[in-house]
Structure formats: C-alpha cells, structure tokens
Amino acid sequence: MGNLITMPKACISCQAYKHIGKAEDKHCPHIDRYGQQQTKTRYGQCQVHKTQVFITELCNQYQQEPFIEVVDADNRPEAKQPRQERLLF
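An account of the accompanying structure is given in this report.

About the cut-offs
Residues numbered from 1 in each chain as written. Predicted model: local features only at pLDDT ≥ 70, side-chain atom pairs only at ≥ 80, totals over all residues. Heavy atoms only, no water. 1 Å grid on protein atoms, 1.4 Å probe; cavity = no way out; pocket = protein on both sides within 12 Å on 5 of 7 lines; lining within 4 Å. Points joined across faces, edges and corners; volume = space filled by probe spheres on them. Pairing = 2+ DSSP bridges. Helix = DSSP H or I, 4+ residues; strand = E, 2+ residues; numbered from the N terminus. Axes fitted to C-alpha atoms, helices over the stretch in contact; angles between N-to-C directions. Phe/Tyr/Trp six-rings, centres within 6.5 Å; stacked < 30°, edge-to-face > 60°. Lys NZ or Arg CZ within 6 Å of the ring centre and 35° of its normal. Buried < 20%, exposed > 50% of the residue type's maximum accessible area, 1.4 Å probe, protein only. Contact = heavy atoms within 4.5 Å.

Inspection of the entire model under this criterion finds 1 cavity of 30 Å³ or more. Of the voids in this model, the largest cavity is the one considered here, and its volume is about 80 Å³.

Right under this line is the structure:
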C-alpha cells in the first residue's frame, strides 16, 4: 500500500465524481501558501445523485476510487446543492 495516493474520504475520491471547476464556498477548508483562507473550493457533478457537489462532501453512496488510500475527513456543514440520500443500498 506504500505506492497508493492518499486522499480524503469525500467526493474527490469517489468513483461517481466528475470534476467541473471551482466555486465560491463559505465553508472552504483551504489555506493558501501565505496562510490566507481561500474562498473557492473545487466542485463537480455527482453521477449518482445528479447534483453538483463540492469535493469535500460525503454521502452514503460513496464508492472509493481504486488504487487510492482514503483517510477519514469531516463532512461539510452544507452541501453545494440539496440532494435526497438513498435509503437502500
């Protein structure tokens, strides 16, 4: 497992995530190299829920990308767009 890429367990490492760009985000977790809080977070399309999601979101349909190692991460306080979680797997 030493050659695996480590990523947070969130949309960014999910098989259903397709990248689009960056968007304003009041909960942006990123700090630049000068220690300044960033205001934009990468986002994409969730192929399962058919909604736009920030890379830092996590839902109950998460499907880990192969060949990566995930680490637990705190979920966001708000999703980019509302979605209905699936109750059955």
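Another aspect to go through is the sheet that holds strand β2 (residues 17-24). Reading across the sheet, the 3 strands line up as β2-β3-β4 and stay open at both edges, with antiparallel pairing between neighbours. Each edge of the open sheet is held by one strand with a lone partner, namely β2 and β4 (51-54). The mean angle between the axes of side-by-side strands here comes to 35°, regardless of whether they run parallel or antiparallel. Direction of pairing for strand β3 (residues 40-46) relative to β4: antiparallel, over a ladder of 4 bridges. Paired with Gly44 across the strands is Val53, a residue of β4.

As a further point, take the packing of aromatic side chains. Taken as a whole and assessed by the stated rule, the structure comprises 0 aromatic pairs. The cationic tip of Lys80 hangs over the ring face of Tyr43; the distance from NZ or CZ to the ring centre is 4.7 Å. The residue whose ring lies beneath Lys80 is Phe54, and the NZ or CZ to ring-centre distance is 5.4 Å.

For the rest of this paragraph, the subject is the side chain of Thr51. Here Thr51 shows up in strand β4. By relative accessible area, Thr51 is classed as buried at 10%. When sequence neighbours within four positions are dropped, the list of residues in contact with Thr51 reads Gly44, Gln45, Cys46, Gln81, Pro82 and Arg83.

Our next topic: unusual backbone geometry. Of note, the phi angle at Lys50 is positive, near 60°, even though the residue is not glycine. The topology assignment puts Lys50 in the loop between β3 and β4. Judged by relative accessible area, Lys50 falls into the exposed class, the value being 58%.

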